[in-house]
Amino acid sequence: MIRKLRVIGFIVAMACVIPPNLRLLADMARFGEGNAQFPPITAVLLALGVAVMMIGEVFCYGQALQDDVDYIA
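In what follows, the accompanying structure is described. (Residues numbered from 1 in each chain as written. Predicted model: local features only at pLDDT ≥ 70, side-chain atom pairs only at ≥ 80, totals over all residues. Heavy atoms only, no water.)

1. Quick look at the overall build of the chain
Then, number 1: The secondary structure content of the chain amounts to two helices and zero strands.
Then, number 2: For 73 residues, the compact-globule estimate of 2.2 N^0.38 gives 11 Å, and the chain exceeds it by more than 25% at 19 Å.
Then, number 3: Considering only C-alpha atoms, the chain reaches an extent of 65 × 20 × 15 Å along its principal axes.
Then, number 4: Counting every position in the chain, which comprises 73 residues, the buried fraction comes to 15%.
Then, number 5: Sequence separation of at least 24 residues holds for 76% of the intrachain contacts in the chain that already meet a minimum separation of 6.
Then, number 6: When the 5 basic and 6 acidic side-chain charges of the chain are each reduced to a single mean position, those positions are 11 Å apart. (Helix = DSSP H or I, 4+ residues; strand = E, 2+ residues; numbered from the N terminus. Rg over C-alpha atoms; globule rule 2.2 N^0.38 Å. Buried < 20%, exposed > 50% of the residue type's maximum accessible area, 1.4 Å probe, protein only. Contact = heavy atoms within 4.5 Å. Lys, Arg positive; Asp, Glu negative; His and termini not counted. Charge placed at Lys NZ, Arg CZ, Asp CG, Glu CD.)

Okay, here's the thing in structure tokens:
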């Protein structure tokens, strides 16, 4: 479950970064120059993806702590 949460965060973060860059590369290949314009929603989705990845890391750390406590007790 925790690994899936990390993967979801990574996918959301990359889904907002990769398409504009691919569009920029395609424009550069066709016209010799490109215009990098990222829509405002990209920043929101990137922040959301990073937040989901951070939550996944918190859960992973909590699971490690729980395993340590169970091992001690």
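2. Regarding helix α2 (residues 40-72)
The α-helix winds at 3.6 residues per turn, so residues separated by three or four positions along the chain end up facing the same way.
Then, number 1: If you check α2, its first and last C-alpha atoms are 49 Å apart, about what 33 residues at 1.5 Å a residue would give, namely 48 Å.
Then, number 2: The complete set of buried residues in α2 reads T42, G49 and G56.
Then, number 3: Where α2 is buried, its residues contact α1 (2-31). (Expected span 1.5 Å × (residues − 1).)

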